[in-house]
Amino acid sequence: MQNLNNKQSSVIKNKFNKQRGLYLFFGGKGGVGKTTMSAATAVWMADRGYKTTVVSTDPTVSLSSIFNQQIDGKEEVPIREVKNLCGININPNDAKGVFQSRLGSLMGQMTGALGKDVISTPCAEEMATFDQFVSILDSENTNHVIVFDTAPTGKTLRELAMPFNWAEFMKKQITESKKLAKILNMDEKSMESLEKDKKRYDNALNVLGNKDNTIFSLVLLAERLPIDETKSAVKGLTNLGITVQSLIINEVILEEVIKGNIFLLDRFKLQRNYLTEIEQTFKAFEGKIVPLLNSDVSSLKTLRKVGDILYGG
């Protein structure tokens with residue numbers, strides 16, 4: 001594992017170029033600190049003058065909680081007390097509304113023919129969430145940092161593995177099947193809309209696979225289950241053509257804080273074994289250790305502290 005605990009070296013810092021946008025993804029098992037690392041990174045970038053947006057694709061309210069203000073999925077919200085920073089929380093319900101509104105007549109024709117259930121299924125909600133995610137990737141991103149706080153690994157992989165050629169498939173079926181076309185009563189504009197969506201999704205694939213502008217980091221704890229899930233995530237992302245470039249090992253107990261505490265000593269020894277495994281298993285990745293802090297990360301002060309640990313002051 002490269003650059004473990006080296007504050008002066010970071011794949012994110014090294015690859016950032018003011019002349020182009022940067023997409024930063026933080027993934028991993030639920031509860032390992034993805035939102036904390038995403039928010040800390042976003043604040044760190046914004047503090048240094050970069051126009052930054054932090055995006056959560058997790059339906060929980062963690063982003064709102066960590067910034068102590070309401071952040072929903074309808075539009076970007078300026079983060080109070082942090083210049084250059086906005087936030088948006090993609091919520092399945094909000095996303096479905098945005099999705100329906102954007103597709104307009106297409107959704108109207110489909111629901112008219114097949115009923116409202118066509119946009120009320122779990123698949124439709126995930127598709128709507130992914131569609132809003134694609135819209136963010138599809139926007140102009142010059143001199144702009146976009147930080148993604150993703151959902152837990154399994155959901156993230158499902159969203160990224162969405163059938164990007166769904167528009168082409170639907171267009172083919174509608175074109176070749178007069179019966180289906182008649183049932184759906186879809187016009188030429190609807191098929192053009194599907195084609196435009198396919199192009200948007202193709203662009204999203206290109207962004208996700210571009211190692212120069214897109215950095216995917218996985219967050220984990222020095223424990224068995226997060227390590228195993230990280231292995232699975234690396235494999236799943238690789239199969240999608242997405243390269244993981246860095247790991248963040250969170251809540252690591254430092255030797256100097258033990259001071260005769262038997263419980264901490266036992267946990268410290270356990271973590272040392274797992275840290276050795278992490279270094280051996282993920283040799284190709286940059287690794288960063290974030291120590292276990294004596295307070296929760298729920299304020300701008302502590303977010304900035306974590307940012308400095310990750311990237312330097």
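So, here is what we can say about the structure in this document. Everything quoted here is computed from the prediction, not taken from an experiment. (Residues numbered from 1 in each chain as written. Predicted model: local features only at pLDDT ≥ 70, side-chain atom pairs only at ≥ 80, totals over all residues. Heavy atoms only, no water.)

## A few points about the overall build of the protein chain
A tally of helices and strands in the protein chain yields 13 helices and 8 strands. Here the protein chain has roughly 15200 Å² of accessible surface; of this, 50% comes from carbon and sulfur atoms. (Helix = DSSP H or I, 4+ residues; strand = E, 2+ residues; numbered from the N terminus. Areas by Shrake-Rupley, 256 points an atom, 1.4 Å probe, with all protein chains shown as cover.)

## A few points about the sheet that holds strand β8 (residues 286-291)
One open sheet holds the 8 strands; their spatial order is β3-β4-β2-β5-β1-β6-β7-β8, and the pairing between them is mixed. Two strands bound the open sheet, and with one partner strand each, they are β3 (77-78) and β8. Here strand β1 (residues 22-28) runs beside strand β6 (residues 214-221); their pairing, made up of 6 bridges, is parallel. Within β6, the position partnered with F26 by the bridge is S217. Lying on the sheet, helix α13 (residues 300-311) is in contact with β1, β7 (244-252) and β8; it crosses β8 at an angle near 145°. (Pairing = 2+ DSSP bridges. Contact = heavy atoms within 4.5 Å. Axes fitted to C-alpha atoms, helices over the stretch in contact; angles between N-to-C directions.)

## Remarks on helix α11 (residues 224-239)
In a regular helix each residue adds 1.5 Å, so 16 residues correspond to 22 Å; α11 covers 23 Å between its end C-alpha atoms and thus fits that length. Buried within α11 we find P226, I227, T230, A233, V234, G236 and L237. One or two residues past the end of α11 sits G241, with phi positive at roughly 80°. (Expected span 1.5 Å × (residues − 1). Buried < 20%, exposed > 50% of the residue type's maximum accessible area, 1.4 Å probe, protein only.)

## A look at the nonpolar core
Counting 37 residues, the largest nonpolar core has I12, L24, F26, M37, F67, L85 and L303 as its most contacted members. Put simply, the parts of the chain that give this core at least two residues each are α1 (11-15), β1, α2 (34-47), α3 (62-67), β5 (144-149), β6 and α13. When residues in this core are grouped by element, the largest group, 8 residues, is from α2. Apart from residues no more than four positions distant in its own chain, F67 is found in contact with A39, V43, V54, I79, L85, L300 and L303. (Core = buried A, V, L, I, M, F, W, Y, C linked by side-chain atoms within 4.5 Å.)

## What about the environment of M45?
In this fold, M45 is placed in helix α2. Relative accessible area serves as the criterion here: at 2%, M45 is assigned to the buried category. Taking the C-alpha atoms as reference points, M45 and V147, separated by 102 residues in sequence, lie 9.7 Å from one another. Ignoring sequence-local partners within four residues, the contact set of M45 consists of I12, L24, Y50, T52 and V145.

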